[in-house]
Protein chains: 2
Amino acid sequence: MNYQIELRHFIYFLAVAEELHYRKAAEKLFISQPGLSTQIKQMEEILGTQLFVRDKKKVSLTPAGEFLKKEVEFILNHLDQTKKQVKLIGDGQLGEVRIGFLGSAMQNVVPNLLLGLKEKYPTVHTTLEELSNRAQINAILADRLDLGFVRLSRVPKGLDVKPVFEDTFSLVLPEGHPLDAKHFKNINQVANEDFILFSQDYSPMYYDTVLSICEDSGFVPNVSHKSVHAQTIFKLVENKLGIAIVPTTLQHGFQMKVKFIEMKKIKQRAVLSMVWKTDNRNPALQKCMDLLQKL
Amino acid sequence: MNYQIELRHFIYFLAVAEELHYRKAAEKLFISQPGLSTQIKQMEEILGTQLFVRDKKKVSLTPAGEFLKKEVEFILNHLDQTKKQVKLIGDGQLGEVRIGFLGSAMQNVVPNLLLGLKEKYPTVHTTLEELSNRAQINAILADRLDLGFVRLSRVPKGLDVKPVFEDTFSLVLPEGHPLDAKHFKNINQVANEDFILFSQDYSPMYYDTVLSICEDSGFVPNVSHKSVHAQTIFKLVENKLGIAIVPTTLQHGFQMKVKFIEMKKIKQRAVLSMVWKTDNRNPALQKCMDLLQKL
DNA sequence: ATAATCAATAAGTATGAATTATCAAATAGA
DNA sequence: TCTATTTGATAATTCATACTTATTGATTAT
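In this text, all values refer to a predicted model and were calculated from it rather than measured experimentally.

Before going further, it helps to spend a moment on the protein's contact with DNA strand D. A:Y12, A:S32, A:Q42, B:H21 and B:R54 are the nearest of the 22 residues found near DNA strand D. Here a phosphate oxygen of DNA strand D sits 2.5 Å away from a polar atom, N or O, in the side chain of A:Y12. The separation between a phosphate oxygen of DNA strand D and a polar side-chain atom of B:S37 is 2.8 Å. Of all the secondary structure elements, the ones that give two or more residues to the surface near DNA strand D are α1 (7-19) and α3 (33-47) of chain A together with α2 (22-29) and α3 (33-47) of chain B. Within the surface near DNA strand D, the residues separate by chemical class into eight nonpolar, seven polar and seven charged.

Further remarks concern the sheet that holds strand β8 (residues 194-198) of chain B. All names here are of chain B. Strand order in the open sheet formed by five strands is β9-β8-β10-β7-β11, and the pairing between neighbours is mixed. For this open sheet the edge positions go to β9 (222-227) and β11 (258-263), each flanked by a neighbour on one side alone. The average angle at which neighbouring strand axes cross in this sheet is 30°, direction not considered. The sheet strands contacting helix α8 (residues 230-238) are β7 (169-174), β8, β9, β10 (243-247) and β11, and the helix crosses β8 at an angle near 170°.

Time to look at helix α5 (residues 109-120) of chain A. In this model, α5(A) (12 residues) spans 16 Å end to end at C-alpha, consistent with the 16 Å of a helix rising 1.5 Å per residue. Buried positions along α5(A) lie against β3 (95-101), β4 (124-130), β5 (147-150), β6 (159-167), β12 (270-277) and α9 (283-294) of chain A.

Now for the domain arrangement of chain A. Residues and elements named next belong to chain A. Per the domain assignment, the segments of chain A are domain 1 (7-90), domain 2 (98-164 + 272-294) and domain 3 (169-268). On a C-alpha basis, the centroid separation for the pair domain 2 and domain 3 is 27 Å. The partner domain 3 presents 11 residues to the 12 residues of domain 2 that form the contact. A combined buried area of about 890 Å² lies between domain 2 and domain 3, and 58% of that area is made up of carbon and sulfur atoms.

Taken together, 22 residues lie near DNA strand C, and A:Y22, A:R23, A:S37, B:S32 and B:Q42 sit nearest. For DNA strand C, the fraction of atoms within 4 Å of the protein that belong to sugar or phosphate moieties is 69%. In this structure, a phosphate oxygen belonging to DNA strand C sits 2.8 Å away from a side-chain N or O atom of B:Y12. Measuring from a phosphate oxygen of DNA strand C, one finds a side-chain N or O atom of B:Q42 at 2.7 Å. Of all the elements in the fold, those that place two or more residues in the surface near DNA strand C are α2 (22-29) and α3 of chain A together with α1 (7-19) and α3 of chain B.

This part covers the pairing of β9(B). Residue and element names in this part refer to chain B. Across five bridges, the pairing between β8 and β9 is parallel. Within the sheet, the bridge partner assigned to I196 lies in β9 and is H225. With respect to chirality, the unit in which β8 leads through helix α7 (residues 204-216) into the neighbouring parallel β9 is right-handed.

Right, let's talk about the environment of A:F52 for a bit. Residue and element names in this part refer to chain A. The topology assignment puts F52 in strand β1 (residues 52-55). Residue F52 is classed as buried on the basis of its relative accessible area, which comes to 0%. Spatially, the C-alpha atoms of F52 and P63 are 9.0 Å apart, while their sequence positions differ by 11 residues. Aside from chain neighbours lying at most four places away, what touches F52 is F13, V16, A17, L20, Y22, I40, E44, V59, S60, L61 and T62.

Attention now moves to unusual backbone geometry. We note that A:F30 has phi near 60°; this positive angle belongs to a residue other than glycine. Examined against the element boundaries, A:F30 turns out to sit in the loop between α2 and α3. Residue classification places A:F30 among the exposed positions, given a relative accessible area of 78%. One non-glycine residue, B:L20, adopts positive backbone phi at about 50°. Mapping B:L20 onto the fold places it in the loop between α1 and α2.

Along the polypeptide, A:N282 turns up in the loop between β12 and α9. On the basis of relative accessible area, A:N282 is assigned to the buried category, the value being 7%. At 2.8 Å, the side chain of A:N282 forms a polar contact with the backbone oxygen of A:E96. Beyond its immediate stretch of four places on either side in the chain, A:N282 contacts A:E96, A:V97, A:D146 and B:P63.

What counts, and at which threshold
Residues numbered from 1 in each chain as written. Chains lettered and ligands numbered in written order. Predicted model: local features only at pLDDT ≥ 70, side-chain atom pairs only at ≥ 80, totals over all residues. Heavy atoms only, no water. Near = heavy atom within 4 Å. Polar contact = N/O pair within 3.5 Å; in protein donor to acceptor, adjacent residues only side chain to side chain. Helix = DSSP H or I, 4+ residues; strand = E, 2+ residues; numbered from the N terminus. Nonpolar A, V, L, I, M, F, W, Y, C, P; charged D, E, K, R; others polar. Pairing = 2+ DSSP bridges. Axes fitted to C-alpha atoms, helices over the stretch in contact; angles between N-to-C directions. Contact = heavy atoms within 4.5 Å. Expected span 1.5 Å × (residues − 1). Domains from an automatic or database assignment. Buried area = accessible area lost by both parts, 1.4 Å probe. Right-handed = clockwise from strand over helix to strand, strands pointing away. Buried < 20%, exposed > 50% of the residue type's maximum accessible area, 1.4 Å probe, protein only.

Put into structure tokens, the structure is as follows:
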């Protein structure tokens, strides 16, 4: 009496609606004809409407049945799609990865990741957001982000980090500056210049590293300006308001009147790491990390 | 092992996905917690994907589960809509009636039906087609039409007829004709005129009736022209090519230089009947016929 | 007439969705 | 640290019901 419609009913209904013949429909479904009859009847009771007209020797659909047929076709179809997609998402073949990154990661790591995804897992999509180290960490902790690209060595408990790209540092000088790569020996050649650096709390690790580079050469830099954007830093250098030390990859992608001197000999490296929540189960994230191993 | 997803699974899944708590979800569903657990587990097996992460003390959705949740919400919603609509169609509250009619039915019967439908069953829609008696009968037999308005007394086996409107006949005379309503006594006053009638095979019953009217007055009409359109007949009368005898309702709806003399005293009536297939199960048709009873 | 074919009905079976009872793991409170 | 409480998962059992086979009644075909 108080039954509930099930997908079984729909499948049975569709078979009868297609065959318009109970025995044939039952054969197709590999069940017995009486079983099919009772199930259809039950379905009609649940819906409170006749779906088939069983007239002398012929079965036909009522208008309500005709309508239901279309709907059932749609629903079963949609369901099939859904099942496939759920499986794909579960296998990490399909899904969304929410990625945060520092601007400097956009020079090579993030584009390479996106190209790799497009090639190997074209159905894995991404949302991208340029964020500071801190903002990324917070977003990952709050489950608003799956993957971050940061310049940090230590991260809060519950997160994992892994270096994905090591970069040298470069001196950034205004185009007309007397020093050039040929005559560059050591950073203390510019020890008396004003320095323009990324803000300490935008990227503490970078800041510390730059300070340690100078320290290694025996001086404390005079930091005249700080900024969170490479664009701004370069603009200030261009206007001779100081010189900068930045990860070398930032050489590309900007049209500025500045010159880069890559400091290969100094031991410090600008390390870009990926960060993710240890217990993140997004399978598409696994695919991303697999790809990043190979980059 | 070889189970099949059922709607039950979806309903259970949604409860857990909403509560993120098996016991609470089970309570909401009025089933036991172990039953719910096994059903969800079975569902995961069928789909081949984990849907929930049961971590220490907390339940959460996997990305696949997150995706499925949205889909299940959509599907269950859609299904609910469908169930309601099927019921409405079955009750004839919602649906379509395909109506055929003779031009003369458009004077009052069909418009009144449409107004009645609009008022009482605004969700019952119609398709309308002006057709001859014969064309309507054929269309109804071939299930291309639900309801016809004809002037026939006998219809093929399998169809039912029922009079819906009785009309007197009127003489149609050119405006300048010497006879008028005041001086009209009997049709044999125009026995010597030429007659313009609807074609015999457009409406045999009409034709026979008109002949019997003349016969009762003791003459055989001289039929000079026949047509299937009232418009044409009136135009011919207007041009003094003859006079006509037509159902009185045709008086309205035409702008012609002709005058009508209603012959109330003659016993013959122009009967408009509705026709339908005896075994037509369109519930919206029933609503139409109910309305037509009351007109 | 007889046989054949249809869906519906009746009665019995067996699958599996439910239940209750219990467990193992984790947390919270003392 | 121990206990009490809470979580979801398991195990064993019960019970609902979707199935089966056997049959009927109605209709059509030969």
